[in-house]
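Fold and geometry: a report
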Amino acid sequence: MTERVLGAGLRQRHLAMIALGGAIGAGLFVGSGVGIAAAGPGILVSYLLAGALTVLVMRMLGEMSAVRPVSGSFAEHARTAFGPWAGLLAGWMYWALLVVSVAAEAVAAAHIVGGWVPAVPGWAWVAVFMGVFTASNLTGVRNFGELEFWFAGLKIAAIAGFLLLGVLVVGGLVPGTPSPGAGHLLHDGGFLPHGWHGVAVGVVAAVFAFGGLETVTVAAAECADPARAVRAGVRAVMWRVAVCYLGSMAVVVTLVPWNDPAVADGPYAAVMGRIGVPGAADLMKAVVLVALLSAMNANVYGSSRMLYALVGRGDAPRALGRLGGRSGVPYAAVLASAAFGFVSVVLSMVWPRTVFPFLLHSIGAAILLVWALIAASHLRLRGPSVRAAAALAGIGGVLLFMLGDAASRTQLLTTGGWAVGLLAVAWARSLRNARTGPGTDPLPS
């Protein structure tokens, strides 16, 4: 099995930060503005519902991963539960989600730095970022884990400071800044200005933002005590994300009118500007930049480990399974994942209104498909449970809404198209194996 030959240099303290690095990025700092514009103060309900669904899925995933902490994580659980087609589908869908996210984060980060240094073209900054994080992921898993620990720690500290300042303003404890009370929550069109439809749109945005937490179980395979590490990592991730996401949204919609155009552009900067913090715009841009770079780093890691696991099950080319000598780093998978992310960035610059939006749409519902496979695998491997049933019902509800909502339907149908393509590949492989007999795993057990 592939997980026996990977490096084991991660420590327990690294795990939660790696997952937070992947989850707290563009979805929270940039994408949340879209959710607020759709749901108004009702975004709190959206994040509460999406957070509850995330907790259900992560608890099931943590339980399965503690019993069997493998590098393929949920892809391997799906494979065990339903067969090779499920592992192939879950693994490639998640890989695509992460590498396209890397591209989106690289573009957003280059846009921020380009505003400070306009003489340098955006593609140059992208090249620098991709080069740095590819190198980070090639130098050994412990070095990567240490970098991500401090990277993610910086943005957690920034969010904590943001929450503290917000609480002080709401409490009327900041001189010269009156407390808005509940005015913005109730009097700018009401708590649900666009009704429950707006809340549902917010749930879709929130679900996408929560994607990336699953990396904690992928990374656990490279810890000395993976079973213990994954239990602690999943617990830590869940409450930290709940505080960061729900707390941040509460501060934003309490302190700033939800329909302020500045909120859609950047909710955190809008709050800091409203409070009157000197240099608020550049300060928040710096925080967002750190968050985006941290997410890039974590997502290159997660995508490379998932790709390596796919090689080990015969679901990806054998050449991508090469490991570094003493480091145990799957360098071929790292280079391939980073290269695809860089190509996606190039597409975003050459065809910003056609090809790149298509890529973003293609992974729009990927996390929901992965979560559904996690819940179904838990149901199959661990027996009937209320958690699995509730999670599947919640995921089904979100998918039905996306199908009926014109703005979300394209994402769902495009993701569905990719899923059908992957299932066709799995079916063709099963027919080939039926004729010739199954081959051996391309990597040693």
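None of the values given here were measured: they were computed from a predicted structure.

With that settled, the discussion passes to the environment of G62. Turning to its location among the elements, G62 is positioned in helix α4 (residues 43-67). A relative accessible area of 8% means that G62 is categorised as buried. Residues G62 and K285, 223 residues apart in the sequence, show an inter-C-alpha distance of 34 Å. Not counting residues within four places of it along the chain, the set of residues in contact with G62 comprises V230 and V234.

If you walk through the whole model with that rule in mind, you get seven salt bridges. For R382, the salt bridge identified is with E63, shortest N-O distance 2.9 Å. You can see R382 sitting in helix α18 (residues 366-382) and its partner E63 sitting in helix α4, a full 319 residues away along the chain. On the accessibility criterion, R382 (43% relative accessible area) is partly exposed.

A separate point is the packing of aromatic side chains. The full count for this structure, using the stated rule, is twelve aromatic pairs. Centre to centre, the rings of F144 and Y301 are 4.6 Å apart; their planes meet at 10°, and the pair counts as stacked. Note that F144 is positioned in helix α8 (residues 141-170) and Y301 in helix α15 (residues 280-312), a separation of 157 residues in sequence. Judged by relative accessible area, which is 1%, F144 ranks as buried. A relative accessible area of 0% places Y301 in the buried class. With centroids separated by 4.7 Å and ring planes inclined at 40°, the aromatic side chains of F210 and Y245 adopt a geometry described as tilted. Here F210, found in helix α10 (residues 195-210), pairs with Y245, found in helix α12 (residues 226-255); they are 35 residues apart in sequence, far enough to count as distant. The exposure class assigned to Y245 is buried, which follows from its relative accessible area of 0%. Taken together, the ring pairs connect Y47, F210 and Y245 into an aromatic cluster.

To continue, consider α18. In this model, α18 (17 residues) spans 24 Å end to end at C-alpha, consistent with the 24 Å of a helix rising 1.5 Å per residue. For α18, the full list of buried residues reads A366, I367, L368, V370, W371, L373, I374, A375, A376, S377 and H378. Tucked into the core, α18 has its buried residues touching α4, α5 (74-82), α6 (84-116), α10, α19 (386-404) and α20 (406-436). One or two positions beyond α18, positive phi appears at G383, with a value near 95°.

Reading the values: the criteria
Residues numbered from 1 in each chain as written. Predicted model: local features only at pLDDT ≥ 70, side-chain atom pairs only at ≥ 80, totals over all residues. Heavy atoms only, no water. Helix = DSSP H or I, 4+ residues; strand = E, 2+ residues; numbered from the N terminus. Buried < 20%, exposed > 50% of the residue type's maximum accessible area, 1.4 Å probe, protein only. Contact = heavy atoms within 4.5 Å. Salt bridge = Lys/Arg side-chain N within 4 Å of Asp/Glu carboxyl O. Phe/Tyr/Trp six-rings, centres within 6.5 Å; stacked < 30°, edge-to-face > 60°. Expected span 1.5 Å × (residues − 1).

Limitation: the analysis is restricted to geometry and does not speak to function.
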